[in-house]
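Fold and geometry: a report
Below are the chains, spelled out letter by letter.
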Amino acid sequence: MIDFENKKYLKLKQDTSYGSKVEELIVPGEEIIDSYKSVRDGLVFTTKRLIVVNIQGKFGKKVDYTSLPYSKFSSYSVETAGHFDLDAELQIMISGVGVLTFEFKGKSDIKAISRHISQAII
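First, a word on scope: everything that follows refers to the structure included in this document.

Calculation rules
- Residues numbered from 1 in each chain as written.
- Predicted model: local features only at pLDDT ≥ 70, side-chain atom pairs only at ≥ 80, totals over all residues.
- Heavy atoms only, no water.
- Pairing = 2+ DSSP bridges.
- Helix = DSSP H or I, 4+ residues; strand = E, 2+ residues; numbered from the N terminus.
- Contact = heavy atoms within 4.5 Å.
- Axes fitted to C-alpha atoms, helices over the stretch in contact; angles between N-to-C directions.
- Buried < 20%, exposed > 50% of the residue type's maximum accessible area, 1.4 Å probe, protein only.
- Lys, Arg positive; Asp, Glu negative; His and termini not counted.
- Salt bridge = Lys/Arg side-chain N within 4 Å of Asp/Glu carboxyl O.
- Polar contact = N/O pair within 3.5 Å; in protein donor to acceptor, adjacent residues only side chain to side chain.
- Core = buried A, V, L, I, M, F, W, Y, C linked by side-chain atoms within 4.5 Å.

1. Describing the sheet that holds strand 2 (residues 32-37)
Overall, antiparallel pairing links the five strands, which are arranged 1-2-3-4-5 in an open sheet. Both edges of this open sheet fall to strand 1 (13-14) and strand 5 (62-69), since each of them pairs with a single strand only. Two strands pair when backbone bridges link them, and strand 3 (residues 42-46) and strand 4 (residues 49-56) are joined in this way by four bridges, in the antiparallel orientation. From the neighbouring strand, F45 faces strand 4, where its bridge partner is L50. In the packing of helix 1 (residues 110-121) onto the sheet, contacts are made with strand 2 and strand 3, and the angle to strand 3 comes to roughly 50°.

2. Re the side chain of D64
Structurally, D64 can be placed in strand 5. Buried charge without a partner: D64 forms no salt bridge, and the closest opposite charge is K62, 8.0 Å away. Among the polar contacts made by the side chain of D64, one reaches the side chain of T66 at a distance of 3.0 Å.

3. So, the nonpolar core
Counting residues in hydrophobic clusters, the biggest one holds 19 residues, and the most contacted among them are F45, L50, L90, F102 and F104. Broken down by secondary-structure element, the contributors of at least two residues to this core are strand 3, strand 4, strand 7 (88-94), strand 8 (98-104) and helix 1. Per element, the largest residue contribution to this core is four residues, and it comes from strand 7. Non-local contacts of L90, meaning those with residues more than four positions away in its chain, are made with F45, Y76, S77, V78, L100, T101, F102, F104, I110, I113 and I117. Formed by six residues, the second largest nonpolar core is a distinct cluster that contains V22, V44, V53 and I55.

4. Considering the pairing of strand 7
Taking burial as the measure, the seven residues of strand 7 include five buried ones, the bulk of the element. Bridging between strand 7 and strand 8 involves seven bridges; their strand directions are antiparallel. The residue bridging I92 from the neighbouring strand is L100, located in strand 8. In sequence, strand 7 turns back onto strand 8 through a hairpin of three residues, with G96 there showing a positive phi of about 85°.

5. A few points about the pattern of salt bridges
For side chains of opposite charge, pairing can occur when their charged atoms come near one another. By the definition in use, this model includes three salt bridges. Residues K11 and D87 are paired through a salt bridge, measuring 2.4 Å at the closest nitrogen-oxygen approach. With a gap of 76 residues between them, K11 in the segment before strand 1 and D87 in the loop between strand 6 (73-79) and strand 7 connect regions that are remote in the sequence. The exposure class of K11 is partly exposed, given its relative accessible area of 38%. Take D87: its relative accessible area is 16%, and that puts it in the buried class. Ionic pairing is found between K11 and E103, a salt bridge with its closest N-O pair at 3.4 Å. In this pair, K11 is assigned in the segment before strand 1 and E103 in strand 8, connecting sequence segments 92 residues apart. Here the salt bridges share partners, and the residues they tie into one network are K11, D87 and E103.

Quick look at the structure:
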C-alpha cells in the first residue's frame, strides 16, 4: 500500500486516458468516471471507489494499486484554486488510514469531484 504519510501526492492533472491503467481491476457494475495523473502516478475515480496508482521502479514495471472504497470515507474537504494559488486540493479522511491529500493543477474541476464523492457517500 502507498505510504500516504510520507508522500504528499504530486500535483495531478486531468487525463482521461489514464483510466485504462486500471481497467483490469474494474468489477461488473463499476464504471470509470474520471482520471488524473502526475508524472507517472495517478488517481482513477470509479462509481464505487478511488483507485490510487503508484508506478514504482526505474522502468515502471512494478505498480501498486490502492483501492479506497467510498463507503470507507468518513469525511472529505475540497479547496478550490484561486488567483495566486492555482492548485485545487482534495483531503479525504478514512478511518484507520488517516488524512489523504491530493493536489490538482490546471483546470481540474474539483467541484465535480466533490459532487461525485458526495453522491457516493451520502
